[in-house]
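Observations on the model geometry
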Amino acid sequence: MNTMTAVNTESSISIRDLTLNFGAVQVLKRMDLEVAPGEFIVLLGPSGCGKSTLLNCIAGLLDITDGQIWIKGKNVTWAEPSERGIGMVFQSYALYPQMTVRGNMSFGLKNQKMPQAEIDARVARAAEILQIQPLLDRKPGALSGGQRQRVAIGRALVRDVDVFLFDEPLSNLDAKLRSELRVEIKRLHNKLNNTMVYVTHDQIEALTLADRIAVMRGGVIQQLDEPQTIYNRPANLFVAGFIGSPSMNFIHGAVKGGKFYAEGIVVDLAGYEGGALIDRPKAILGLRPEHLTVTNTAVAGKTIAATVEIDENLGADSLLWLKAGDNQISVRIPVEDRLNAGTSVHLEVDMSKASIFDAETEARV
Amino acid sequence: MADTGISSSSGARGAPGSVATQATLPIARKPSRLFRNLASKIALVPMILTVLVIFVGCTIWTVVHSFTSSKLLPKLDFVGLAQYERLWGNDRWMVSIKNLAVYGTCSMIFSLVIGFTLAALLDRKIRFENTFRTIILYPFALSFIVTGLVWQWILNPDFGIEKVVRDLGFESFVFDPLHSDQFVIYGILIAGLWQGTGLVMCLMLAGIRGIDEDIWKASRIEGIPVWKTYVQIIIPMIRPVIVTSVVLIASGIVKVYDLVVAQTSGGPGTSSQMPALYVMDRMFKDQNLAQGFAASTMMLVAVAIILIPWAYLEFGGKKSRG
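As the structure is a prediction and not an experimental result, all values here were calculated from the model. (Residues numbered from 1 in each chain as written. Chains lettered and ligands numbered in written order. Predicted model: local features only at pLDDT ≥ 70, side-chain atom pairs only at ≥ 80, totals over all residues. Heavy atoms only, no water.)

1. A look at the pattern of salt bridges
The cut-off we apply is this: Basic side-chain nitrogens of Lys or Arg form a salt bridge, by our definition, when they fall within 4 Å of a carboxyl oxygen of Asp or Glu. Where helices and strands are cited, they refer to DSSP runs of H or I of at least four residues and of E of at least two residues respectively, numbered from the N terminus. For every residue, the accessible area (1.4 Å probe, protein chains only) is compared with the maximum for its type, and the residue is labelled buried under 20%, exposed over 50%, or partly exposed between those bounds.
The full count for this structure, using the stated rule, is 26 salt bridges over all chains. Linking E118 of chain A and R122 of chain A is a salt bridge whose minimum nitrogen-to-oxygen distance equals 2.9 Å. Taken together, the residues span about one helical turn, with E118 of chain A and R122 of chain A both in helix α3 (residues 116–130) at a distance of four residues. What makes R122 of chain A buried here is its relative accessible area of 19%. In this structure, the salt-bridge partner of E162 of chain B is R166 of chain B, at a minimum N-O distance of 3.5 Å. Of this pair, E162 of chain B and R166 of chain B both sit in helix α7 (residues 161–167), four residues apart, roughly one helical turn. By relative accessible area, E162 of chain B is classed as buried at 7%. Relative accessible area serves as the criterion here: at 30%, R166 of chain B is assigned to the partly exposed category. The structure contains a network of salt bridges with shared partners spanning D123, E129, R133 and R209 of chain B.

Printed below as a string of structure tokens:
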């Protein structure tokens, strides 16, 4: 993507041609990533995809095999973690249990021989931002998980750095706290406008927090885009399947003469937003559950005939599981439109939001 | 858990919800407390008896007989504190106490420091870690007698370290701690440390390994030097392991006996006497049971004075520490 010499000094973090091997295993493969100042980047992927490894490389906790890392226009490829101008928050909080909250937040600064008045000012400011003033003299053992993670964020905050790295910070919290703290992190980002790199396997966190999401698999970034683009125009089959819950419906078939053919299904592809629809003997039609509508009238080329199997009530809406030929299809419907099992219906396809993938390359057409 | 079917008065009252119409049905009774966890209680009986008879009983028996004039055989003719007056007027005993103080202090400090340092070095993800760990722990598998003999030879001026260094050309080199009144205790200390630090190292290493990797990452991000992380963060975090090590080392110090027997037999003269050696010599060499009992009672008192307040602080106040 980048020429070897051109270093984009505009970028807050610039990763060029990064490779990391563990023995014979290539964990990160020639990776390039540019993060703009103040941008919130989420690294998203299943476990073992290399997202935490990439974060540790940026932090300097892992020595890379090849490539360069630039932070704020400085080549930090071989710099110590403490010299890179970063703060980091961990999944396990990593607080020092024998020190008070104040001690945890000021330990690193004291070690830099910073004047006490400056330390106090920074701790007070961080505590105010994170609303943890009443906890300053307590020890981490006396705090709840959410409070501990706030303290851990505070410890990164007092370092007064431009880049924050989050390594699955909410994974150890229960669902309610997770959503609370998620909002808090978003608010923090709006307030401080720092560059943030955030690792998670939770797509909700990714979609809500990110300016751009990097979806990773096998040490390679599959797609780097805004959340809405990732959701509506997934670059390949993996991204399409990974993002969205329930997962996108995939129908295996063929594209021929502007139409999609599968067993018992013919769909006109007019209105598809994407590349040219050349004939493909093997293609996959991807439809999100919320982009299908249930109707009673069949329209040739626009609808898919299906039979209701299960109706799941999710509270806010309802999830319909249907069978169309051999294909299992899920559709999100309003809760008041619930249908009984065995009902035959027709599903109207919104072609402008559908995705077609080449079955060979798995890339979106 | 045992369903005994024995009704107790408290069991009948334990079911206030039962109404008259249900009187014909069998009423679930709360089992007697005595029979709850019956299997565990039965299993504990031998140990309880051992503690009561062997530990408590024999300790009391020993203390009582230390106030008598028993010689070869125990007899109950009380002589008050006479045995204790003799004990504290005895030079050998005073030397033993002094030796124990030197040996104990040095052994405790060096075992902890060397053990922790070795553990920290092994923790740095070195190659052949298992090999090194085995080598360092190996002396622990030897008996004190073997350790004592080995170090008696190593420290022997005629064919040990002194001989080797002199053969290298340093003709005036002198290293003969075991034949010096002043330094003999340090000769024993070296052997004791050689045997004991391996275990301390293994305990500490296990403790260090139990610490979350993220703590290390956090301290690296904050730029805290490795040694400072060990001293200020890791050591307080492995406190329980250190407490265990201290207890093990301390019990080893108080009962040090066979090492001295094998290395010096208390010599030269009486300069490497130890309290346990004094006790054994009085009881079985001099056939003076009461004097040996008095000495062992003093050891018990000393241990109790140190141990009881400490145990109270360490384990009694646990709840307040959160």
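2. A look at the nonpolar core
As a reminder of what qualifies: Residues grouped as a nonpolar core are buried Ala, Val, Leu, Ile, Met, Phe, Trp, Tyr and Cys residues, joined through side-chain atoms within 4.5 Å. Residues count as neighbours in contact if any of their non-hydrogen atoms are within 4.5 Å of one another.
In this structure, L18, L43, L54 and L165 of chain A together with Y103 and I238 of chain B are the most contacted members of the largest nonpolar core, which totals 77 residues. The element contributing the most residues to this core is helix α8 (residues 184–209) of chain B, with eleven residues. If we skip the residues at most four places from it in the chain, L54 of chain A touches I15, L18, L28, M31, L33, L43 and M216 of chain A.

3. Regarding the UniProt feature "domain: ABC transporter" (unreviewed entry) in chain A
Here is the rule: UniProt positions are given in the numbering used here, feature names are shortened, and annotations may be inferred rather than shown by experiment.
Under the local residue numbering, the UniProt record ascribes the feature "domain: ABC transporter" (unreviewed entry) to residues 13–243 of chain A. The distance separating the terminal C-alpha atoms of residues 13–243 of chain A is 25 Å; by composition the span is 37% helix and 26% strand.

4. Section: unusual backbone geometry
Cis geometry marks the peptide bond from S245 of chain A to P246 of chain A, where omega comes out at 0°. Looking at where P246 of chain A falls in the secondary structure, it is placed in the loop between α8 (237–242) and β11 (249–256). For Y93 of chain A, which is not glycine, the phi dihedral falls at a positive 70°. Its location among the elements puts Y93 of chain A in the loop between β6 (86–89) and α2 (101–111). For Y93 of chain A, a relative accessible area of 10% puts it in the buried group. The residue F128 of chain B is not glycine, and still its phi comes out positive at about 55°. Checked against the element boundaries, F128 of chain B lands in the loop between α4 (91–122) and α5 (129–137).

5. Some details on the interface of chain A and chain B
Applied cut-off: Note on definitions: buried area is the accessible-area loss of two parts on being combined, 1.4 Å probe, summed for both. The term polar contact refers here to a pair of N or O atoms within 3.5 Å; inside protein, the definition further demands a hydrogen-donor-capable atom paired with an acceptor-capable atom, and it admits residues adjacent in sequence only when both atoms are side-chain atoms.
Residue-level contacts link 26 residues of chain A with 17 residues of chain B. Carbon and sulfur atoms supply 57% of the area that chain A and chain B bury against each other, a total of about 1800 Å² over both sides. When the area that chain A buries against chain B is broken down by residue, the three leading residues are Y96, F107 and N111 of chain A, summing to 28%. Its salt-bridge partner being E222 of chain B, residue R155 of chain A comes within 3.9 Å of it at the nearest N-O pair. At the boundary of chain A and chain B, one finds eight residue pairs in polar contact (both at pLDDT 80 or more). Taken together, the elements giving at least two residues each to the side of chain A that touches chain B come down to α1 (51–59), β6 and α2 of chain A.

6. Thoughts on the UniProt feature "domain: ABC transmembrane type-1" (unreviewed entry) in chain B
Per the UniProt record, "domain: ABC transmembrane type-1" (unreviewed entry) is annotated on residues 97–310 of chain B. Between the first and last C-alpha atoms of residues 97–310 of chain B the distance is 21 Å; the span itself is 72% helix and 0% strand.

7. Topic: the sheet that holds strand β12 (residues 259–262) of chain A
Two modes of strand pairing occur in sheets, parallel and antiparallel, and in both the strands are linked by backbone hydrogen bonds. Residue and element names in this part refer to chain A. As a reminder, the rule being used: Any two strands with at least two DSSP bridges between them are considered paired. To obtain each axis, a line is fitted to C-alpha atoms, and for helices this fit is confined to the stretch in contact; angles are then taken between N-to-C directions over 0 to 180 degrees.
Strand order in the open sheet formed by five strands is β13-β12-β11-β14-β20, and the pairing between neighbours is antiparallel. The open sheet is flanked by β13 (265–268) and β20 (355–358), the only strands paired with a single partner. The sheet shows a mean angle of 35° between the axes of neighbouring strands, taken without regard to direction. Judged from the four bridges that link them, strand β14 (residues 280–287) and β20 form a sheet pairing that is antiparallel. If you follow A283 over to β20, its bridge partner there is D358.

8. Concerning helix α10 (residues 226–237) of chain B
For α10 of chain B, the complete set of buried residues consists of K228, T229, Y230, I233 and I234 of chain B. Those residues of α10 of chain B that are buried are in contact with α2 of chain A together with α4, α8 and α9 (213–221) of chain B.

9. Quick notes on the packing of aromatic side chains
Residues and elements named next belong to chain B. As a reminder of what qualifies: Ring pairs are drawn from Phe, Tyr and Trp, using the six-membered ring of Trp, whenever the two centres fall within 6.5 Å, and their geometry is named by plane angle: stacked under 30 degrees, edge-to-face over 60, tilted for the rest.
Counted according to the given criterion, the structure contains 15 aromatic pairs over all chains. Look at F116 and Y230: their rings are 5.9 Å apart centre to centre, the planes differ by 90°, and that puts the pair in the edge-to-face class. Placement of the pair is F116 in helix α4 and Y230 in helix α10, with a sequence separation of 114 residues. When sorted by exposure, F116 lands in the same class as Y230, which is buried.

10. Here's the deal with the pairing of strand β3 (residues 40–44) of chain A
Residue and element names in this part refer to chain A. Among the five residues of β3, five are classified as buried, and the element is accordingly described as predominantly covered. With burial as the criterion, each face of β3 is covered, one bearing F40, V42 and L44 and the other bearing I41 and L43. As paired elements, β3 and strand β8 (residues 195–200) share five bridges and run parallel to each other. Looking across to β8, one finds that I41 is bridged to V197. Summarising the sheet, β3 and strand β9 (residues 212–217) pair through four bridges and their orientation is parallel. Of the residues in β9, the one forming a bridge with L44 is V215.

11. Points about the domain arrangement of chain A
All names here are of chain A. Going by this rule: Domain segmentation is taken from an automatic or database assignment of domains.
Each assigned domain of chain A is listed here: domain 1 (13–240) and domain 2 (249–358). Its C-alpha centre places domain 1 at a distance of 39 Å from the equivalent point of domain 2. Taken together, the contact pairs eight residues of domain 1 with ten residues of domain 2. A per-residue breakdown of the area domain 1 buries against domain 2 is headed by Y231, R233 and L237, which together make up 63% of the total. The tally of links from domain 1 across to domain 2 stands at one salt bridge.

12. Overview of the UniProt feature "transmembrane region" (unreviewed entry) in chain B
Under the UniProt annotation, the feature "transmembrane region" (unreviewed entry) is placed at residues 42–64, 100–122, 134–154, 183–208, 229–254 and 289–313 of chain B. End C-alpha atoms of residues 183–208 of chain B are separated by 35 Å, and the span's content is 96% helix alongside 0% strand.

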